[in-house]
Amino acid sequence: MRRWRDGDGTLTVGTDSGARQVPLRIAASYRARTRGLLGRDGIEGALMLTPCGSVHTFGMRFAIDVAYLDRTFRVLAVTTMRPGRLGLPRLRARHVVEAEAGAMERWGVRPGVRMEPAATPAPAPGTSGAP
């Protein structure tokens, strides 16, 4: 099983013929998962919470789309949640991807679709990370 770290990356939605690249923020630590999208007015791209089996929108300022993923990153369920709601836990869910309401439909996310998250590699120690 892969160990995730907080950071940025990309999310590939769909197959090779209809794949779509989406900017991704990864929240793997307890602190990052707890913070999630709280206090934000929106998000560009998506946020992946891992490990995660359920979410809530208490204290959120905007509606979100939520995709529950299994261990192989196949979508189990997609739902839209308004602020102040408690989502049902999904028994087989290992990861959750959140985005602004309406984004999942635009990206073609529905149950059975496979997503492929990829973390952006961190710069090597002692380098600035600039080319």
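Residues numbered from 1 in each chain as written. Predicted model: local features only at pLDDT ≥ 70, side-chain atom pairs only at ≥ 80, totals over all residues. Heavy atoms only, no water.

Trainee: How do you make sense of the overall build of the protein chain when you look at a structure like this?
Mentor: The helix and strand inventory of the protein chain stands at two helices and seven strands. Of the regular secondary structure in the protein chain, the N- to C-terminal order runs β-β-α-β-β-β-β-α-β. Across the 131 residues that make up the protein chain, the buried fraction comes to 38%. Partitioning the contacts of the protein chain with sequence separation of at least 6, the portion at a separation of at least 24 is 58%. (Helix = DSSP H or I, 4+ residues; strand = E, 2+ residues; numbered from the N terminus. Buried < 20%, exposed > 50% of the residue type's maximum accessible area, 1.4 Å probe, protein only. Contact = heavy atoms within 4.5 Å.)

Trainee: Explain the environment of Trp107 here, please?
Mentor: The residue Trp107 is located in helix α2 (residues 103-107) in this model. For Trp107 and Gly18, which are 89 residues apart along the polypeptide, the C-alpha to C-alpha distance reads 9.8 Å. Here Trp107 is in contact with Val13, Arg20, Val22, Gly45, Ala46 and Ala99, once residues within four sequence places are set aside.

Trainee: Where do I start with the environment of Glu98 in this structure?
Mentor: Relative to the helices and strands, Glu98 resides in strand β6 (residues 95-100). The spatial distance from the C-alpha of Glu98 to the C-alpha of Leu49 is 8.0 Å, given a sequence separation of 49 residues. Ignoring anything within four residues of it in the chain, the contact list for Glu98 reads Leu37, Gly45, Ala46, Leu47, Leu49, Val55, Ile64, Asp65, Val66 and Met104.

Trainee: I tried to follow the sheet that holds strand β4 (residues 64-69) on my own but got confused; where do I start?
Mentor: Within a beta sheet, neighbouring strands are joined by backbone hydrogen bonds and run either parallel or antiparallel to one another. Judged by pairing direction, the sheet is mixed, and its seven strands sit side by side in the order β5-β4-β6-β3-β2-β1-β7 without closing on themselves. Only two strands of the sheet have a single partner each, and these edge strands are β5 (75-81) and β7 (115-119). Recorded for the sheet is a direction-independent mean angle of 30° between the axes of neighbouring strands. Summarising the sheet, strand β2 (residues 20-27) and strand β3 (residues 46-49) pair through four bridges and their orientation is parallel. Considered in β3, the bridge of Arg25 is made with Leu47. (Pairing = 2+ DSSP bridges. Axes fitted to C-alpha atoms, helices over the stretch in contact; angles between N-to-C directions.)

Trainee: Can you help me understand the layout of surface pockets in this one?
Mentor: By rolling a water-sized probe across the atoms, one finds the places where empty space is left. Empty space within the second largest pocket amounts to approximately 190 Å³. Around the second largest pocket sit 14 residues that line it, and Arg33, Leu49, Val55, His56 and Glu98 are the ones nearest its centre. At three residues, helix α1 (residues 30-35) tops the list of elements feeding residues into the lining of the second largest pocket. The residue inventory of the lining of the second largest pocket, partitioned by class, reads seven nonpolar, four polar and three charged. (1 Å grid on protein atoms, 1.4 Å probe; cavity = no way out; pocket = protein on both sides within 12 Å on 5 of 7 lines; lining within 4 Å. Points joined across faces, edges and corners; volume = space filled by probe spheres on them. Nonpolar A, V, L, I, M, F, W, Y, C, P; charged D, E, K, R; others polar.)

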